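Structure at a glance
Okay, here's what each chain looks like letter by letter:
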Amino acid sequence: MRTVKTALIGAGFVGPHHIEAARRLGFVDVVAVAGSNQASAEAKAAKMSIPKAYGSYEALLDDPEIEVIHNCTPNDLHLPVTMAAIERGKHVIADKPLALNSADAKTMLDAAKAKGIVHAVTFNYRYNPLMQQARVMINRGDIGKTHWVHGCYIQDWLLYPNDYNWRLEKEGGESRCVADIGSHWCDLAGYITGSRIAEVLADYTTVYPTRQKPKGTREAFAQSSGNEEFDEYPVDTEDFASVLLRFENGMKGSFSVSQVSAGHKNGLEIEVDGNKAAVAWKQERPNELWIGKRNEPNGWMLKDPGLLDPSIAHYAALPGGHGEAWADAFRNLLRNVYSFISEGRSMEADADKIEFPTFADGHESNCVVEAITKSAKAGGVWTKIAR
Ligand code: SOE
(Lines give C-alpha, C1' and ligand atoms only; values in the text may rest on other atoms or scores of the structure.)
Protein backbone atom coordinates (compact mmCIF):
# COMPACT_ATOMS: atom_id res chain seq x y z
CA MET A 1 0.00 0.00 0.00
CA ARG A 2 1.44 3.40 -1.00
CA THR A 3 2.17 5.61 2.02
CA VAL A 4 -0.19 8.61 2.19
CA LYS A 5 0.88 11.87 3.82
CA THR A 6 -1.75 13.56 5.96
CA ALA A 7 -2.20 16.44 8.38
CA LEU A 8 -4.49 17.59 11.17
CA ILE A 9 -6.26 20.93 11.37
CA GLY A 10 -7.88 21.45 14.80
CA ALA A 11 -6.51 19.40 17.71
CA GLY A 12 -9.31 19.63 20.28
CA PHE A 13 -11.00 16.48 21.68
CA VAL A 14 -11.46 14.43 18.53
CA GLY A 15 -8.48 15.53 16.39
CA PRO A 16 -5.86 13.46 18.24
CA HIS A 17 -8.15 10.40 17.97
CA HIS A 18 -8.29 10.88 14.19
CA ILE A 19 -4.50 10.86 14.12
CA GLU A 20 -4.13 7.84 16.38
CA ALA A 21 -6.55 5.87 14.22
CA ALA A 22 -4.77 6.90 11.02
CA ARG A 23 -1.36 5.94 12.43
CA ARG A 24 -2.63 2.45 13.31
CA LEU A 25 -3.13 1.74 9.59
CA GLY A 26 0.61 1.49 8.96
CA PHE A 27 0.55 3.32 5.60
CA VAL A 28 -0.42 6.82 6.71
CA ASP A 29 2.30 9.35 7.60
CA VAL A 30 1.10 12.26 9.76
CA VAL A 31 3.42 15.10 8.71
CA ALA A 32 1.85 18.29 10.07
CA VAL A 33 -0.62 19.91 12.45
CA ALA A 34 -2.11 23.41 12.35
CA GLY A 35 -3.27 25.32 15.41
CA SER A 36 -4.75 28.78 15.96
CA ASN A 37 -1.22 30.13 16.44
CA GLN A 38 2.36 28.92 16.06
CA ALA A 39 2.95 28.32 19.76
CA SER A 40 -0.16 26.18 20.22
CA ALA A 41 0.58 24.31 16.99
CA GLU A 42 4.13 23.54 18.14
CA ALA A 43 2.86 22.36 21.52
CA LYS A 44 0.36 20.01 19.87
CA ALA A 45 2.99 18.81 17.36
CA ALA A 46 5.36 17.97 20.22
CA LYS A 47 2.61 16.23 22.18
CA MET A 48 1.59 14.08 19.18
CA SER A 49 5.13 13.62 17.72
CA ILE A 50 4.17 15.32 14.47
CA PRO A 51 7.18 16.76 12.60
CA LYS A 52 5.73 20.03 11.25
CA ALA A 53 3.64 22.70 13.03
CA TYR A 54 1.80 25.55 11.31
CA GLY A 55 0.30 28.57 13.04
CA SER A 56 -2.54 28.77 10.52
CA TYR A 57 -4.51 26.31 8.40
CA GLU A 58 -3.68 28.34 5.29
CA ALA A 59 0.06 27.85 5.86
CA LEU A 60 -0.42 24.11 6.36
CA LEU A 61 -2.51 23.80 3.19
CA ASP A 62 0.31 25.40 1.15
CA ASP A 63 2.61 22.50 2.10
CA PRO A 64 2.91 20.46 -1.14
CA GLU A 65 3.88 17.31 0.78
CA ILE A 66 0.39 17.05 2.35
CA GLU A 67 -2.17 15.00 0.36
CA VAL A 68 -4.99 14.71 2.91
CA ILE A 69 -6.26 16.87 5.76
CA HIS A 70 -8.46 16.03 8.75
CA ASN A 71 -10.76 18.97 9.44
CA CYS A 72 -11.38 18.76 13.19
CA THR A 73 -12.03 22.44 13.76
CA PRO A 74 -15.07 23.92 15.53
CA ASN A 75 -18.21 23.88 13.36
CA ASP A 76 -17.93 27.51 12.18
CA LEU A 77 -14.52 26.78 10.59
CA HIS A 78 -15.64 23.66 8.72
CA LEU A 79 -16.59 25.60 5.57
CA PRO A 80 -13.55 27.89 5.18
CA VAL A 81 -11.01 25.19 6.05
CA THR A 82 -12.57 22.54 3.80
CA MET A 83 -13.05 24.95 0.89
CA ALA A 84 -9.42 26.11 1.17
CA ALA A 85 -8.27 22.47 1.22
CA ILE A 86 -10.39 21.58 -1.83
CA GLU A 87 -9.03 24.60 -3.71
CA ARG A 88 -5.51 23.21 -3.20
CA GLY A 89 -6.54 19.72 -4.29
CA LYS A 90 -6.20 18.12 -0.85
CA HIS A 91 -8.43 15.17 0.03
CA VAL A 92 -10.62 16.01 3.06
CA ILE A 93 -11.72 13.89 6.02
CA ALA A 94 -14.17 16.12 7.92
CA ASP A 95 -15.50 15.60 11.41
CA LYS A 96 -19.30 15.80 11.66
CA PRO A 97 -21.39 17.83 11.28
CA LEU A 98 -20.03 18.62 7.81
CA ALA A 99 -21.33 22.18 7.99
CA LEU A 100 -23.34 24.68 10.02
CA ASN A 101 -26.23 24.32 7.57
CA SER A 102 -27.29 22.38 4.47
CA ALA A 103 -26.44 25.20 2.06
CA ASP A 104 -22.81 25.25 3.23
CA ALA A 105 -22.74 21.45 3.08
CA LYS A 106 -23.96 21.56 -0.53
CA THR A 107 -21.28 24.12 -1.37
CA MET A 108 -18.59 21.79 0.00
CA LEU A 109 -20.06 18.74 -1.73
CA ASP A 110 -20.25 20.49 -5.11
CA ALA A 111 -16.71 21.89 -4.77
CA ALA A 112 -15.30 18.49 -3.76
CA LYS A 113 -16.99 16.80 -6.72
CA ALA A 114 -15.80 19.47 -9.15
CA LYS A 115 -12.20 19.18 -7.91
CA GLY A 116 -12.29 15.38 -7.92
CA ILE A 117 -10.90 15.01 -4.42
CA VAL A 118 -11.73 12.19 -2.02
CA HIS A 119 -14.16 13.50 0.59
CA ALA A 120 -15.30 11.76 3.77
CA VAL A 121 -17.25 12.59 6.95
CA THR A 122 -16.53 10.72 10.20
CA PHE A 123 -19.79 9.00 11.04
CA ASN A 124 -17.63 6.48 12.85
CA TYR A 125 -20.32 4.41 14.64
CA ARG A 126 -21.20 2.74 11.33
CA TYR A 127 -17.91 0.80 11.53
CA ASN A 128 -18.36 -1.05 14.77
CA PRO A 129 -18.32 -4.73 13.67
CA LEU A 130 -21.74 -5.44 15.16
CA MET A 131 -23.33 -2.42 13.47
CA GLN A 132 -22.01 -3.85 10.20
CA GLN A 133 -23.49 -7.24 11.21
CA ALA A 134 -26.85 -5.67 12.08
CA ARG A 135 -26.93 -3.96 8.68
CA VAL A 136 -26.32 -7.27 6.89
CA MET A 137 -29.00 -9.03 8.97
CA ILE A 138 -31.59 -6.30 8.36
CA ASN A 139 -30.90 -6.08 4.65
CA ARG A 140 -30.93 -9.92 4.35
CA GLY A 141 -34.41 -10.05 5.93
CA ASP A 142 -33.37 -11.82 9.13
CA ILE A 143 -35.72 -9.62 11.20
CA GLY A 144 -38.41 -9.35 8.51
CA LYS A 145 -40.00 -6.11 7.29
CA THR A 146 -38.80 -3.33 9.54
CA HIS A 147 -41.49 -1.12 11.10
CA TRP A 148 -39.71 0.86 13.86
CA VAL A 149 -36.20 2.12 14.63
CA HIS A 150 -35.80 3.72 18.04
CA GLY A 151 -33.22 4.67 20.62
CA CYS A 152 -31.26 7.50 22.11
CA TYR A 153 -27.90 9.15 22.37
CA ILE A 154 -27.45 10.56 25.88
CA GLN A 155 -24.50 12.08 27.71
CA ASP A 156 -23.91 14.18 30.83
CA TRP A 157 -20.83 16.28 30.01
CA LEU A 158 -22.91 19.50 29.87
CA LEU A 159 -25.05 18.70 32.94
CA TYR A 160 -23.87 21.53 35.16
CA PRO A 161 -24.36 25.26 34.46
CA ASN A 162 -20.56 25.71 34.64
CA ASP A 163 -19.88 22.99 32.07
CA TYR A 164 -18.80 24.83 28.91
CA ASN A 165 -17.75 24.19 25.31
CA TRP A 166 -17.66 26.11 22.02
CA ARG A 167 -20.78 24.18 20.97
CA LEU A 168 -22.80 26.34 23.40
CA GLU A 169 -21.86 29.49 21.47
CA LYS A 170 -23.87 31.05 18.65
CA GLU A 171 -20.99 30.31 16.21
CA GLY A 172 -21.54 26.60 16.97
CA GLY A 173 -24.75 26.63 14.95
CA GLU A 174 -28.54 26.84 15.29
CA SER A 175 -28.73 23.33 16.81
CA ARG A 176 -26.29 21.92 19.38
CA CYS A 177 -27.24 18.53 20.83
CA VAL A 178 -29.09 17.27 17.73
CA ALA A 179 -26.37 18.56 15.38
CA ASP A 180 -23.57 17.13 17.52
CA ILE A 181 -24.87 13.65 18.45
CA GLY A 182 -28.35 13.39 16.91
CA SER A 183 -26.50 13.54 13.57
CA HIS A 184 -24.68 10.30 14.50
CA TRP A 185 -27.91 8.56 15.56
CA CYS A 186 -29.84 9.57 12.42
CA ASP A 187 -26.95 8.62 10.14
CA LEU A 188 -26.67 5.20 11.82
CA ALA A 189 -30.46 4.61 11.66
CA GLY A 190 -30.52 5.33 7.94
CA TYR A 191 -27.33 3.37 7.27
CA ILE A 192 -28.28 0.09 8.97
CA THR A 193 -31.91 0.12 7.78
CA GLY A 194 -31.18 1.30 4.23
CA SER A 195 -33.90 3.96 4.25
CA ARG A 196 -33.72 7.76 4.34
CA ILE A 197 -35.72 9.94 6.73
CA ALA A 198 -38.62 11.71 4.98
CA GLU A 199 -40.33 13.73 7.76
CA VAL A 200 -39.57 14.73 11.35
CA LEU A 201 -41.39 16.12 14.39
CA ALA A 202 -39.27 17.50 17.21
CA ASP A 203 -39.35 19.00 20.68
CA TYR A 204 -36.34 20.89 22.07
CA THR A 205 -35.55 21.83 25.68
CA THR A 206 -32.94 24.26 26.94
CA VAL A 207 -32.40 23.51 30.65
CA TYR A 208 -30.03 26.41 31.29
CA PRO A 209 -30.82 29.72 29.52
CA THR A 210 -27.40 30.97 30.60
CA ARG A 211 -24.10 29.15 31.08
CA GLN A 212 -20.98 30.14 33.02
CA LYS A 213 -18.49 30.85 30.25
CA PRO A 214 -14.89 30.46 31.54
CA LYS A 215 -12.31 33.07 30.54
CA GLY A 216 -10.17 30.33 28.83
CA THR A 217 -11.11 27.51 26.40
CA ARG A 218 -12.47 24.08 27.41
CA GLU A 219 -12.59 20.89 25.27
CA ALA A 220 -15.51 18.46 25.03
CA PHE A 221 -15.88 16.29 28.16
CA ALA A 222 -13.44 18.52 30.10
CA GLN A 223 -14.53 19.46 33.66
CA SER A 224 -14.56 22.85 35.34
CA SER A 225 -12.02 23.26 38.14
CA GLY A 226 -14.81 24.97 40.07
CA ASN A 227 -12.85 28.13 40.85
CA GLU A 228 -12.43 29.64 37.37
CA GLU A 229 -13.52 33.18 36.58
CA PHE A 230 -16.49 33.23 34.19
CA ASP A 231 -19.09 35.35 32.42
CA GLU A 232 -22.81 34.51 32.21
CA TYR A 233 -23.43 33.52 28.56
CA PRO A 234 -26.98 33.34 27.10
CA VAL A 235 -27.82 30.00 25.44
CA ASP A 236 -30.88 29.13 23.35
CA THR A 237 -29.79 25.83 21.81
CA GLU A 238 -31.17 22.49 23.00
CA ASP A 239 -29.75 20.60 25.99
CA PHE A 240 -31.98 17.66 25.11
CA ALA A 241 -34.51 16.78 22.41
CA SER A 242 -37.07 14.16 21.42
CA VAL A 243 -37.80 13.45 17.77
CA LEU A 244 -40.33 11.38 15.81
CA LEU A 245 -39.34 10.14 12.34
CA ARG A 246 -41.07 8.91 9.20
CA PHE A 247 -38.80 7.07 6.74
CA GLU A 248 -39.14 6.87 2.96
CA ASN A 249 -39.81 3.09 3.15
CA GLY A 250 -42.77 3.59 5.53
CA MET A 251 -40.83 2.70 8.68
CA LYS A 252 -41.34 4.90 11.77
CA GLY A 253 -38.64 6.08 14.14
CA SER A 254 -38.11 7.89 17.44
CA PHE A 255 -35.05 8.98 19.34
CA SER A 256 -33.98 11.28 22.14
CA VAL A 257 -30.68 13.05 22.58
CA SER A 258 -29.29 14.72 25.67
CA GLN A 259 -26.08 16.18 27.02
CA VAL A 260 -27.58 16.71 30.49
CA SER A 261 -28.47 13.14 31.59
CA ALA A 262 -26.49 12.28 34.72
CA GLY A 263 -24.54 9.04 34.54
CA HIS A 264 -24.69 8.66 30.76
CA LYS A 265 -21.26 9.20 29.18
CA ASN A 266 -21.62 8.25 25.53
CA GLY A 267 -24.92 6.42 25.53
CA LEU A 268 -25.80 5.76 21.91
CA GLU A 269 -28.48 3.02 21.77
CA ILE A 270 -30.39 1.81 18.71
CA GLU A 271 -32.98 -0.93 18.11
CA VAL A 272 -34.60 -1.97 14.84
CA ASP A 273 -37.89 -3.88 15.09
CA GLY A 274 -39.11 -6.07 12.23
CA ASN A 275 -42.15 -8.32 11.83
CA LYS A 276 -40.02 -11.41 12.58
CA ALA A 277 -37.42 -10.26 15.13
CA ALA A 278 -35.47 -7.27 16.44
CA VAL A 279 -31.83 -6.26 16.83
CA ALA A 280 -30.41 -3.77 19.32
CA TRP A 281 -26.97 -2.39 20.13
CA LYS A 282 -25.49 -0.15 22.83
CA GLN A 283 -22.32 1.83 22.04
CA GLU A 284 -21.12 1.45 25.61
CA ARG A 285 -21.36 -2.37 25.27
CA PRO A 286 -20.09 -2.52 21.67
CA ASN A 287 -19.21 -6.25 21.60
CA GLU A 288 -22.79 -7.42 22.14
CA LEU A 289 -25.70 -7.44 19.68
CA TRP A 290 -29.10 -8.25 21.19
CA ILE A 291 -31.45 -10.31 19.01
CA GLY A 292 -35.11 -10.20 20.10
CA LYS A 293 -37.45 -13.11 19.32
CA ARG A 294 -41.17 -13.82 19.94
CA ASN A 295 -41.41 -17.61 20.05
CA GLU A 296 -37.91 -18.56 21.19
CA PRO A 297 -35.37 -17.25 23.70
CA ASN A 298 -33.79 -13.92 22.86
CA GLY A 299 -30.13 -14.11 21.83
CA TRP A 300 -26.85 -12.23 22.21
CA MET A 301 -24.33 -12.25 19.39
CA LEU A 302 -20.84 -11.49 20.69
CA LYS A 303 -18.32 -9.73 18.45
CA ASP A 304 -16.42 -12.66 16.95
CA PRO A 305 -15.13 -12.69 13.35
CA GLY A 306 -16.07 -16.38 13.20
CA LEU A 307 -19.73 -15.47 13.81
CA LEU A 308 -19.91 -12.36 11.62
CA ASP A 309 -21.15 -12.49 8.04
CA PRO A 310 -18.05 -13.12 5.85
CA SER A 311 -18.71 -9.92 3.90
CA ILE A 312 -18.03 -7.78 6.99
CA ALA A 313 -15.93 -10.05 9.24
CA HIS A 314 -12.85 -7.97 8.43
CA TYR A 315 -14.25 -5.16 10.61
CA ALA A 316 -13.32 -7.33 13.63
CA ALA A 317 -9.53 -7.27 13.98
CA LEU A 318 -9.43 -9.53 17.03
CA PRO A 319 -10.90 -12.96 17.89
CA GLY A 320 -13.99 -13.36 20.05
CA GLY A 321 -13.54 -12.33 23.65
CA HIS A 322 -11.05 -9.58 22.74
CA GLY A 323 -13.11 -6.40 23.02
CA GLU A 324 -13.15 -3.83 20.25
CA ALA A 325 -14.71 -0.40 20.68
CA TRP A 326 -14.79 3.29 19.77
CA ALA A 327 -11.17 3.69 18.64
CA ASP A 328 -11.30 0.46 16.61
CA ALA A 329 -14.42 1.58 14.74
CA PHE A 330 -12.65 4.85 13.94
CA ARG A 331 -9.67 2.87 12.61
CA ASN A 332 -12.04 0.80 10.45
CA LEU A 333 -13.56 3.92 8.92
CA LEU A 334 -10.18 5.54 8.20
CA ARG A 335 -8.81 2.29 6.74
CA ASN A 336 -11.60 2.41 4.14
CA VAL A 337 -10.86 6.06 3.30
CA TYR A 338 -7.06 5.80 3.18
CA SER A 339 -7.09 2.52 1.22
CA PHE A 340 -9.26 4.27 -1.37
CA ILE A 341 -6.79 7.18 -1.53
CA SER A 342 -3.67 4.98 -1.49
CA GLU A 343 -5.03 2.90 -4.39
CA GLY A 344 -5.51 6.12 -6.37
CA ARG A 345 -9.24 5.61 -6.73
CA SER A 346 -11.67 8.18 -8.07
CA MET A 347 -14.95 9.13 -6.33
CA GLU A 348 -16.68 9.12 -9.72
CA ALA A 349 -15.11 6.18 -11.57
CA ASP A 350 -14.89 3.99 -8.44
CA ALA A 351 -18.18 5.03 -6.83
CA ASP A 352 -19.03 1.35 -6.31
CA LYS A 353 -15.93 0.96 -4.13
CA ILE A 354 -16.73 3.82 -1.74
CA GLU A 355 -17.17 2.25 1.71
CA PHE A 356 -17.20 5.39 3.84
CA PRO A 357 -19.55 8.33 4.49
CA THR A 358 -18.94 11.09 1.95
CA PHE A 359 -19.85 14.77 1.83
CA ALA A 360 -23.15 13.60 0.31
CA ASP A 361 -23.89 11.83 3.63
CA GLY A 362 -22.72 14.95 5.45
CA HIS A 363 -25.10 17.08 3.37
CA GLU A 364 -27.95 14.61 4.04
CA SER A 365 -27.22 14.89 7.77
CA ASN A 366 -27.29 18.68 7.68
CA CYS A 367 -30.64 18.56 5.85
CA VAL A 368 -32.10 16.24 8.51
CA VAL A 369 -30.80 18.32 11.43
CA GLU A 370 -32.13 21.49 9.79
CA ALA A 371 -35.63 19.98 9.43
CA ILE A 372 -35.58 18.74 13.05
CA THR A 373 -34.62 22.21 14.28
CA LYS A 374 -37.24 23.87 12.05
CA SER A 375 -39.92 21.52 13.44
CA ALA A 376 -38.93 22.26 17.04
CA LYS A 377 -38.83 26.01 16.49
CA ALA A 378 -42.33 25.84 14.97
CA GLY A 379 -43.58 24.28 18.21
CA GLY A 380 -43.36 20.65 16.99
CA VAL A 381 -44.95 20.17 13.58
CA TRP A 382 -44.31 17.46 10.98
CA THR A 383 -41.59 18.84 8.70
CA LYS A 384 -40.37 17.29 5.47
CA ILE A 385 -36.62 16.96 4.81
CA ALA A 386 -35.70 19.59 2.23
CA ARG A 387 -32.74 18.30 0.15
C1 SOE B 1 -19.37 15.32 22.12
O2 SOE B 1 -20.76 15.21 22.19
C3 SOE B 1 -18.78 14.19 21.27
O4 SOE B 1 -17.38 14.31 21.28
C5 SOE B 1 -19.25 14.28 19.82
O6 SOE B 1 -18.84 15.50 19.21
C7 SOE B 1 -18.69 13.08 19.05
O8 SOE B 1 -19.10 13.12 17.68
C9 SOE B 1 -19.16 11.79 19.70
O10 SOE B 1 -18.65 10.67 19.02
C11 SOE B 1 -18.74 11.75 21.16
O12 SOE B 1 -19.19 12.95 21.85
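1. Overview of the sheet that holds strand β5 (residues 91-94)
In space, the six strands of this open sheet follow the order β3-β2-β1-β4-β5-β6, with parallel pairing throughout. Taken across any chain shown, the strands that pair with only one partner, and hence form the sheet edges, are β3 (52-54) and β6 (119-121). Going across the sheet, the axis of each strand differs from the next one's by a mean of 25°, ignoring polarity. On the sheet, helix α4 (residues 78-87) packs against β1 (4-9), β4 (68-71) and β5 and is oriented at approximately 175° with respect to β4. Contacts from helix α9 (residues 359-377) reach β5 and β6, with the element oriented near 45° to β6.

2. Digging into the packing of aromatic side chains
Scanning the entire structure with this criterion turns up nine aromatic pairs. Ring geometry for Tyr 127 and Tyr 315: centres 5.7 Å apart, planes at 50°, overall tilted. Of this pair, Tyr 127 sits in the loop between β6 and α6 (129-140) while Tyr 315 sits in the loop between β16 (299-302) and α8 (326-342), and the two are 188 residues apart along the sequence. In this structure, Tyr 127 and Tyr 315 share a single accessibility class: buried. When the centroid spacing of 5.3 Å and the interplanar angle of 40° are considered together, the rings of Trp 157 and Phe 221 count as tilted. With a gap of 64 residues between them, Trp 157 in the loop between β7 (146-154) and α7 (177-193) and Phe 221 in the loop between β9 (210-214) and β10 (230-234) connect regions that are remote in the sequence. Here Trp 157 falls in the buried class, since its relative accessible area comes to 7%.

3. Focus on the pairing of strand β13 (residues 267-274)
In terms of burial, β13 is a largely internal element, seven of the eight residues being buried. Relative to β13, β7 runs antiparallel, the two being bridged by eight bridges. Across the sheet, the residue bridging to Cys 152 is Glu 269, located in β13. Two strands pair when backbone bridges link them, and β13 and strand β14 (residues 278-282) are joined in this way by five bridges, in the antiparallel orientation. From the neighbouring strand, Glu 271 faces β14, where its bridge partner is Ala 280. Remark: three residues form the turn of the hairpin made by β13 and β14, two consecutive strands paired antiparallel.

4. Topic: the domain arrangement of the chain
Along its sequence, the chain is organised into domain 1 (4-124 + 333-357) and domain 2 (125-321 + 366-384). For domain 1 and domain 2, the distance between their C-alpha centres works out to 24 Å. Across the contact, 22 residues belong to domain 1 and 21 residues belong to domain 2. Interface area for domain 1 against domain 2, summed over the two sides, is near 1,800 Å², with a carbon-plus-sulfur share of 52%. For the interface between domain 1 and domain 2, the tally reads one salt bridge. For the pair domain 1 and domain 2, the number of links is ten residue pairs in polar contact (both at pLDDT 80 or more). When residues of the side of domain 1 that touches domain 2 are traced back to their parent elements, those giving at least two are α5 (102-115) and α8. Here the side of domain 1 that touches domain 2 gets three residues from one element, more than from any other, and that element is α8.

5. What to know about the pairing of strand β12 (residues 252-258)
Along any regular strand, the residues point their side chains to alternate faces of the sheet. The buried fraction of β12 is high, at five of seven residues. Pairing analysis gives seven bridges linking β7 to β12, with the strands arranged parallel. Paired with Tyr 153 across the bridge in β12 is Val 257. The pairing of strand β11 (residues 240-247) with β12 spans seven bridges and is classified as antiparallel. Directly across from Phe 240, in β12, lies its bridge partner Ser 258.

6. Describing the site of the ligand
Among the 14 residues in the neighbourhood of the ligand, the closest are listed as Lys 96, Tyr 125, Gln 155, Asp 180 and His 184. At a separation of 2.7 Å, an oxygen atom of the ligand approaches a polar side-chain atom of Tyr 125. Between Asp 180 and the ligand, the recorded distance is 2.6 Å, taken from a side-chain N or O atom to an oxygen atom. Alone, the ligand offers 300 Å² of accessible surface; in the complex the protein occludes 96% of this. The biggest single contributor to the shell around the ligand is α7, with three residues. Residues belonging to the shell around the ligand are distributed by class as follows: seven nonpolar, four polar and three charged.

Cut-offs used in this document
- Residues numbered from 1 in each chain as written.
- Predicted model: local features only at pLDDT ≥ 70, side-chain atom pairs only at ≥ 80, totals over all residues.
- Heavy atoms only, no water.
- Pairing = 2+ DSSP bridges.
- Helix = DSSP H or I, 4+ residues; strand = E, 2+ residues; numbered from the N terminus.
- Axes fitted to C-alpha atoms, helices over the stretch in contact; angles between N-to-C directions.
- Contact = heavy atoms within 4.5 Å.
- Phe/Tyr/Trp six-rings, centres within 6.5 Å; stacked < 30°, edge-to-face > 60°.
- Buried < 20%, exposed > 50% of the residue type's maximum accessible area, 1.4 Å probe, protein only.
- Domains from an automatic or database assignment.
- Buried area = accessible area lost by both parts, 1.4 Å probe.
- Salt bridge = Lys/Arg side-chain N within 4 Å of Asp/Glu carboxyl O.
- Polar contact = N/O pair within 3.5 Å; in protein donor to acceptor, adjacent residues only side chain to side chain.
- Near = heavy atom within 4 Å.
- Areas by Shrake-Rupley, 256 points an atom, 1.4 Å probe, with all protein chains shown as cover.
- Nonpolar A, V, L, I, M, F, W, Y, C, P; charged D, E, K, R; others polar.

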